[in-house]
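Each chain is listed here by its residues.
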Amino acid sequence: MTLSALPLGLPVGVLPGGLDTTTRVVDSHTGGAPTRVVVSGGPALYGVTMAQRLQELQAHHDAWRRALVTPPRGHDGLVGALLTEPERPGSQAGVIFFDHRGYLGMCGHGTIGVVASLAHLGKVRPGPLWLDTPVGTVHAEFSLDGSVSLENVPSFRHLQAVAVEVDGRTVQGDVAWGGNWFFICGDHGLALKEEEAPALVAFCQQLREALRAQGVTGADGVPLEQIQLTGPALDPANRARNFVLTAGASWDRSACGTGTSARLACLAADGHLLSGEVWRQESITGSVMEAHWQPAPQAGQILPTLVARAYVLMEGTVVIQQDDPLGWGVAPV
């Protein structure tokens, strides 16, 4: 695979807040989950590492994030992806993910959307591609059939069978890392169907607050913002179904790449999924993400591989009229 002539240099004609007058984006969806990729004209970032660039983007260009993914131009289900110069030798690009609430270390459906968008623009050909993220380098491969195989960052279970008091009863779940931190709960007793999304959102928000109140976190005290409910698949061709609450009250229409990675880490730790065995994860919309794992160099961790396809929806130029009071987006409530 080659990544040819990708315009990742400094922007020209920067407006207040860092958005370029010629900022170009490509929108796609992976299993119904949308991604907006900034392919040129983003803010100039000078950090050496991707983690430093994320901090710089957050500290100095956050209005730019709001302009792209919050209303009226965006919505709470949209993930943005900013392409940068690579951090590491051998990588083709860096990528920073963000949404209406803030920033993500990694996004599985978003990375698949990035690769599909670059292929649509003729910037990649079938073969391997390495992308640097703030939480590590990921390896992707674009196939002739349009699918993308993504080897995610090392994933692992942090806490097992944590009991949580929520809504007058006790549920249990695991805390796991798959590029983001998740609380994964299977004994919730709820129907994982799209028409039940409002009830699922309400329960996950209560569960999130209960976790915060009880001091249950990821490593180093990181709050558990993402909640994954698991259950049986409706389609017998698949292994399981999930519902993933992300930032605020938004939820993932796809089966969630980082969530599936975290789930695989728990299944592997329990001996319920062997290395190389295929897992087909179904979302509540019925979209499917295929996955398998292999051992990671560090004991207790796995390297998950996700396979899905993203479809390009549109490409265009971002316009912010100077007298538009909502041109730079709105802060979430």
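Per chain, the residues get numbers from 1 upward, laid out in the order the sequence is written. Confidence filtering applies because this is a predicted model: local features only for residues at pLDDT of at least 70, side-chain atom pairs given and counted only at 80 or more, and all residues used for totals across whole chains, interfaces and linings. Note that the side-chain values use all heavy atoms of the structure and ignore hydrogens as well as water.

A. Quick peek at the overall build of the protein chain. Secondary structure counts use DSSP, requiring at least four H or I residues in a row for a helix and at least two E residues in a row for a strand, with both numbered from the N terminus. Across its full length, the protein chain holds five helices and 16 strands. The quantity called the radius of gyration is restricted to C-alpha atoms. Its globule counterpart is 2.2 Å times the number of residues to the power 0.38. In terms of C-alpha radius of gyration, the protein chain reaches 19 Å, essentially the compact-globule figure of 20 Å for 333 residues. Dimensions of the protein chain, computed from the C-alpha atoms along their principal axes, are close to 55 × 45 × 35 Å. Three exposure classes are used, based on accessible area relative to the maximum for each residue type with a 1.4 Å probe and protein chains only: buried under 20%, partly exposed in between, and exposed over 50%. Within the protein chain, the fraction of its 333 residues that count as buried is 55%.

B. Structural view of the nonpolar core. Counting residues in hydrophobic clusters, the biggest one holds 68 residues, and the most contacted among them are Phe97, Val114, Phe183, Leu207, Leu229 and Phe243. The biggest single contributor to this core is helix H4 (residues 197–213), with eight residues. Contacts between residues were defined by any pair of non-hydrogen atoms, one from each residue, lying within 4.5 Å. In contact with Phe97, other than residues within four places in its own chain, are Val79, Gly80, Ala81, Tyr103, Leu104, Met106, Cys107, Gly110, Thr111 and Val114. The definition of a nonpolar core used throughout is a set of buried Ala, Val, Leu, Ile, Met, Phe, Trp, Tyr and Cys residues joined through side-chain atoms within 4.5 Å. Formed by 17 residues, the second largest nonpolar core is a distinct cluster that contains Ala67, Leu68, Tyr103 and Val318.

C. Fine view of the pairing of strand S15 (residues 288–295). Here four bridges tie strand S14 (residues 279–283) to S15, and the two strands are oriented antiparallel to one another. What sits directly across from Arg280, in S15, is Glu290. Any two strands between which DSSP finds at least two bridges are classified as paired. Across six bridges, S15 lies against strand S16 (residues 302–317) in antiparallel orientation. Each bridged residue has a counterpart across the sheet, and for Pro295 the counterpart in S16 is Ile302. Where S15 folds back on S16, the antiparallel hairpin that results is connected by six residues, among which Gly300 adopts a positive phi of roughly 85°.

D. Expanded view of the pattern of salt bridges. Salt bridge, as used here, is a side-chain nitrogen of Lys or Arg placed within 4 Å of a carboxyl oxygen of Asp or Glu. This model, assessed by the stated rule, comprises 14 salt bridges. Arg65 is the partner of Asp62 in a salt bridge, and the nearest nitrogen-oxygen pair spans 2.7 Å. One end of the pair is Asp62 and the other is Arg65, both in helix H2 (residues 62–69) and three residues apart, which spans about a single turn. Close ionic contact of Arg212 with Glu225 constitutes a salt bridge, the shortest N to O distance being 3.1 Å. Taken together, the positions of Arg212 in helix H4 and Glu225 in the loop between H4 and strand S12 (226–231) put the pair 13 residues apart, joining distant regions of the chain. By relative accessible area, which is 42% here, Arg212 ends up partly exposed.

E. Region of the structure containing the pairing of strand S9 (residues 156–166). Pairing between S9 and strand S10 (residues 169–177): eight bridges, direction antiparallel. Among the inter-strand pairings, Glu165 is bridged to a residue of S10, identified as Thr170. The antiparallel hairpin formed by S9 and S10 contains two residues in its connecting segment, where Asp167 sits at a positive phi of about 55°.

F. Region of interest: the packing of aromatic side chains. Classification of ring pairs rests on two measures: the distance between centres of Phe, Tyr or Trp rings, Trp counted by its six-membered ring, which must be within 6.5 Å, and the angle between planes, read as stacked under 30 degrees, edge-to-face over 60 and tilted in between. This structure, assessed with the given rule, holds five aromatic pairs. The rings of Trp64, Phe98 and Tyr103 are connected pair by pair, giving a single aromatic cluster. Its end group placed over the ring of Trp251, Arg253 keeps NZ or CZ at 3.7 Å from the ring centre. Lysine and arginine charges are scored as sitting over a ring when NZ or CZ, respectively, is within 6 Å of the ring centre and within 35 degrees of the ring normal.

G. Structural context of H4. Helices are assigned an expected span. That span is 1.5 Å times one less than the residue count. Here H4 spans 24 Å end to end across 17 residues, near enough to the 24 Å set by a 1.5 Å rise per residue. Every buried residue of H4 is listed here: Ala197, Leu200, Val201, Phe203, Cys204, Leu207, Arg208, Ala210 and Leu211. Contacts made by the buried residues of H4 are with S9, S10, strand S11 (181–185), S12 and strand S13 (240–245). Looking one or two residues past H4, Gly215 carries a phi angle of roughly 75°, positive in sign.

H. Just the environment of Gly215, in detail. Tracing the backbone through its elements, the reader meets Gly215 in the loop between H4 and S12. When the C-alpha atoms of Gly215 and Arg157 are compared, they prove to be 17 Å apart, with 58 residues separating the residues in sequence.

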